[in-house]
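# A closer look at the structure
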Amino acid sequence: MHGPPHSTRGRRGGGLLGDAPEEPAPGQGTPRRGPSGAPAPVRPRRRPGPRTVAVAAALVLGVVVQLLPLLVFPTVLSQDGPAHVASAWVLLTSGHEDATGALLRDHYRVDLTPVPNMLTTLVLVALLPLAGPDGAERLLVAGLVVGLVAALAYAVRGVDRRAGWLAAAALPLAGSQLVAYGFDNFVLGVVGALLVLGVALRRRSGWGTPAGAALAALLVLTWTAHLLPWVLAAGSVLLLAAARAGDAVRAGDRARDAVRRHVAPVLLATVPSAALTARYLSSGDGPPAEGEGGPSPERVRALLTGVRPFVTGWGGERVPALVTVLAIAVLTVAALRRARPGTPVPRPERLALGLLAAGVTLAYWLTPDQLGPDFGFLPARLAWFPPLLLVLWAATRVPGPRTAAALTAVLVLAASVAALGRLPAQAAAADEVAELLSVAHDIPPASTLVVLHYQRSVAWAGRGSPDPLRHESSRLAVRAGGVDVGHYEAVQAYFQVHFAVTPGVRQRMDPALSGLEQVPPVVDLAAVRGELDYVVVVGLDRASAGVRDAQCTRAVTAELADHYTPVATSAPTGLVTLWRAAPSSGQTADGGSADPQAEGSAAAPPQSGPVVSGRARPG
């Protein structure tokens, strides 16, 4: 074993960049003693140099740029984020003793059985009372951005305390494709996996009971976020433990002692989360065995050009993505150079991280595109791990300070250019979202609603690109205090709120559970007549002729004309039209009155035209 040169024991602190050793604060730790037993003189803390300050400032600036959309736009712009917020809101609100609470109890059931994909919901449940729905989501996503950078910094400094600047490699991921999709659980899982690696990389001399317990807790927390990062985290610590045990045996330790010190504690720490995984997979709610899709040259090109994982499709991101890939390639080549004489080489860490980087790259190429209809984006998720693990491997032989400063600047600049390039598309999407949400005040509390999309968001760039409008129906329901029949999480087994009745309104309107999210939507509104209070139509007037003339579209417009009344049209573009169930349809089954102005009385006379934000609009 390599002993003290590689051990972190006795080495103190260092800032984020790790170039200035820290001494214990007064009254903390054991003072060092000289040969006579008297306290040894404490060397003054060395101030960080100008280059270190500049690198730290660049990292902070890079984080701020990634946070700009959260500061500029009224809501978080992601595809799935509103559905996550709605699930947390249902958990908190369904117990209320009012009409909304009663409606939620009628439509939803809560299931808090431990599953992957639950951490985001629990975090939002904690944040909602403090910041409200929109503020809670904003805090969550800000935490993901900061957490990615901080967790990578913690992990790389577990390899070499001088390598904290490599945290800049997390910035291109902070606004990337999966973040824009709103895959918050996956990103939380990656943060957890990096923290697991950071803890494990610091245990060169073995594991004690507190460290083993901390590892077990972090693995369980990572598991509650997402299964894939947990697999990486558990596999990483086991491989690292095996490499360290083998190195110790080569250095002269007995195999039994090496296993007891390095391997056994890690095996014990993985038991709780492994048991949860076995239970989840045996429940039938996990991914099916059959896969769809397979390896292709396109996957390799996407990884080598940075299209995956960095490009959302919302702006000019391909050049910054390619620059990011080239910067990581330079790091990798620099780490291949021979070590300087007398420089300690962390051989077990270098071996384990190299094998992990090669293994996840192979898995990215070989893994099916999806496992059944509900477990997709597998290669897109796996694409996160090769760059992260190459950066960790590069930390085993970091380049000099000048190269470090230059690469930090390149990574921060590339991530910032990509983030700024996305802003115009995000601004246009934010206007669309605002129009959709503007009709919330025209929907009375305790109503059921469905949103039908006949045009994608202007930000949507095609297949593989997230659509910020797609699940805004859930945010609309939260603002109105009602039920979104299209709440996609409520039809998935691995979330915490499910529709209570099977087949419920959603399934009878959309038996395959896949037609509602198509453009044009393939739904049967007549099948749920009298059970929907409001229908929200998005983009029908500006849709293509093929969409407007489709048979499913004609069936919807006929049902709306016969059994619904238009009550509001959004301003300024008329993107959204709100339809209320006509009085002739009677009292709806699970919500407010079909005509709240006419409860117990004759129907109100029709208006001269739909209202725009509460005001009459010329017909």
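These numbers come from a predicted model, not from an experiment. (Residues numbered from 1 in each chain as written. Predicted model: local features only at pLDDT ≥ 70, side-chain atom pairs only at ≥ 80, totals over all residues. Heavy atoms only, no water.)

## Remarks on the overall build of the chain
The following threshold applies: Think of it this way: any DSSP run of H or I at least four residues long counts as a helix, any run of E at least two long counts as a strand, and we number them from the N terminus. The cut-offs for exposure are 20% and 50% of the maximum accessible area for each residue type, with area from a 1.4 Å probe on protein chains only; residues under the lower value are buried, those over the upper are exposed, and the others partly exposed. Should any heavy atoms of two residues lie within 4.5 Å, those residues are counted as being in contact. Under the convention used here, a 1.4 Å probe and the Shrake-Rupley method define accessible areas, while residue burial counts only the protein chains that appear.
Regarding its fold elements, the chain presents 21 helices and 9 strands. The burial tally for the chain puts 54% of its 619 residues in the buried class. Nonlocal contacts in the chain, meaning residues at least 24 apart in sequence, comprise 75% of its contacts between residues at least 6 apart. As presented, the chain carries roughly 26,000 Å² of accessible surface, and 62% of it is formed by carbon and sulfur atoms.

## Focus: the pattern of salt bridges
The condition is simple: The salt bridge definition used is simple: a Lys or Arg side-chain nitrogen within 4 Å of an Asp or Glu carboxyl oxygen.
A complete count under the given rule lists 20 salt bridges for this structure. Of the charged contacts, one joins R162 and D160 as a salt bridge, the two residues approaching to 2.6 Å between their closest N and O atoms. Judged by relative accessible area, which is 49%, R162 ranks as partly exposed. Its relative accessible area of 13% is what places D160 among the buried residues. Across the pair E472 and R475 runs a salt bridge, and its minimum N-O distance is 2.8 Å. Taken together, the positions of E472 and R475, both in helix α18 (residues 472-480) and 3 residues apart, correspond to about one turn of that helix. No difference in accessibility class separates E472 from R475, as the two residues are buried.

## Thoughts on the confidence of the model for the chain
For clarity, the cut-off: Every residue gets a pLDDT, meaning the predictor's confidence in that residue, from 0 to 100.
Overall, the predicted model of the chain reaches an average pLDDT of 88, with 86% of residues at or above 70. Under a pLDDT of 50 for its full length, residues 589-619 has, in the predicted model, 61 contacts with residues more than four places off or in other chains.

## Comments concerning the environment of G486
Examined against the element boundaries, G486 turns out to sit in the loop between β3 (483-484) and β4 (497-499). Judged by its relative accessible area of 7%, G486 falls in the buried class. Residues G486 and L513, 27 residues apart in the sequence, show an inter-C-alpha distance of 9.2 Å. In this view, G486 contacts R506 and L516; residues no more than four positions away in its chain are not counted.

## As for the side chain of S447
The line we're drawing: The term polar contact refers here to a pair of N or O atoms within 3.5 Å; inside protein, the definition further demands a hydrogen-donor-capable atom paired with an acceptor-capable atom, and it admits residues adjacent in sequence only when both atoms are side-chain atoms.
Checked against the element boundaries, S447 lands in the loop between α17 (401-437) and β2 (448-453). Owing to a relative accessible area of 1%, S447 belongs among the buried residues under this scheme. Polar side-chain contacts of S447 include one of 2.7 Å to the backbone oxygen of P444.

## Focus on the packing of helix α11 (residues 297-305) against helix α13 (residues 318-335)
Just so we agree on the cut-off: Here an axis means a line fitted to C-alpha atoms, over the contact stretch when the element is a helix, while the angle between two N-to-C directions is reported on a 0 to 180 degree scale. Small angles under 35 degrees read as roughly parallel and large ones over 145 as roughly antiparallel, with 65 to 115 read as roughly perpendicular and the rest as oblique. As a working rule, the residues Ala, Val, Leu, Ile, Met, Phe, Trp, Tyr, Cys and Pro are called nonpolar, Asp, Glu, Lys and Arg charged, and the rest polar, with Gly in that last group.
At a minimum axis distance of 7 Å, the contact between α11 and α13 shows a crossing angle of 85°. Accordingly, the angle class assigned to the pair α11 and α13 is roughly perpendicular. Facing α11, whose interface residues are L303, L304 and T305, α13 presents R318, A321, L322 and V325. Here the contact of α11 with α13 is composed, by residue class, of 5 nonpolar, 1 polar and 1 charged.

## What to know about the packing of helix α2 (residues 81-93) against helix α4 (residues 119-159)
Put simply, α2 and α4 touch, their axes get as near as 8 Å, and they point 100° apart. In terms of their interaxial angle, α2 and α4 are classed as roughly perpendicular. For the pair formed by α2 and α4, the contact residues are G81, P82, H84, V85, A88, W89, L91 and L92 on the first element and T120, T121, L124, V125, L128, P129, P133 and E137 on the second. Here the contact of α2 with α4 is composed, by residue class, of 11 nonpolar, 4 polar and 1 charged.

## Observations regarding the pairing of β2
Across a regular strand the side chains alternate sides, sitting on one face of the sheet and then on the other. Our working definition: Paired strands are those between which DSSP finds at least two bridges. When the strands point away from the viewer and the path from the first strand over the helix to the second turns clockwise, the crossover is right-handed.
Of all 6 residues that make up β2, 6 are buried, and the element is covered over most of its length. Of the two faces of β2, the one carrying T448, V450 and L452 and the one carrying L449, V451 and H453 are both buried. The pairing of β2 with β3 spans 2 bridges and is parallel. Bridge pairing in β3 links L449 to D484. One crossover worth recording links β2 to the parallel β3 by way of α18, and it is right-handed.

## As for helix α7 (residues 184-201)
Each α-helix turn comprises 3.6 residues. Residues three or four places apart therefore point the same way. Applicable threshold: Multiply 1.5 Å by the residue count of a helix minus one, and that product is the helix's expected span.
For α7, which comprises 18 residues, the first-to-last C-alpha distance of 26 Å matches the rise-based estimate of 26 Å (1.5 Å per residue) to within 8%. The buried fraction of α7 is high, at 17 of 18 residues.

## Some details on α11
Our working definition: By definition, the arc is the one covered by directions from the helix axis to the C-beta atoms.
Among all positions in α11, only R299, A302 and L303 are buried. For α11, the angular spread of the buried residues around the axis is 95°, confining them to a single face. Facing away from the buried side of α11 by more than 90 degrees, the exposed set consists of P297 and L304. Against the buried residues of α11 lie α12 (307-310), α13, α14 (347-366), α15 (378-382) and α16 (385-394). Of the residues trailing α11, G306 is marked for its positive phi of about 85°.

## Topic: the nonpolar core
Selection rule: Here, nonpolar core refers to any group of buried Ala, Val, Leu, Ile, Met, Phe, Trp, Tyr and Cys residues whose side-chain atoms link them within 4.5 Å.
Core analysis: the biggest nonpolar cluster contains 132 residues, and W384, L389 and L392 have the highest contact counts within it. Here this core gets 17 residues from one element, more than from any other, and that element is α4. When neighbours within four sequence positions are excluded, L389 is seen to be in contact with L197, L232, L353, L356, A357 and V360. Formed by 24 residues, the second largest nonpolar core is a distinct cluster that contains F73, L437, L476 and V538.

## Digging into the pairing of strand β5 (residues 534-538)
Burial analysis of β5 places 5 of its 5 residues in the buried class, which makes it a mostly covered element. Burial along β5 is two-sided: Y534, V536 and V538 facing one way and V535 and V537 facing the other are all buried. Two elements, β2 and β5, share 5 bridges in a ladder whose sense is parallel. Of the residues in β5, the one forming a bridge with V450 is V535. When β5 meets strand β7 (residues 576-581), the two strands line up antiparallel, connected through 5 bridges. Paired with Y534 across the two strands is R580, which belongs to β7.

## Things to note about empty space enclosed by the protein
What counts is decided by this rule: Whether a set of points on the 1 Å grid over the protein atoms alone is a cavity depends on a 1.4 Å probe fitting there but being unable to get out, while an open set qualifies as a pocket with protein on both sides within 12 Å along at least five of seven lines; lining residues are those with an atom within 4 Å of a point. Grid points are joined across faces, edges and corners, and a volume is the space filled by probe spheres set on the points.
Within the structure shown, the criterion is met by 7 cavities of 30 Å³ or more. If you add up the space inside the largest cavity, you get close to 270 Å³. Secondary-structure elements contributing two or more residues to the lining of the largest cavity are α1 (50-72), α4, α6 (177-181) and α17. Among the residues forming the lining of the largest cavity, the class breakdown is 12 nonpolar, 8 polar and 2 charged.

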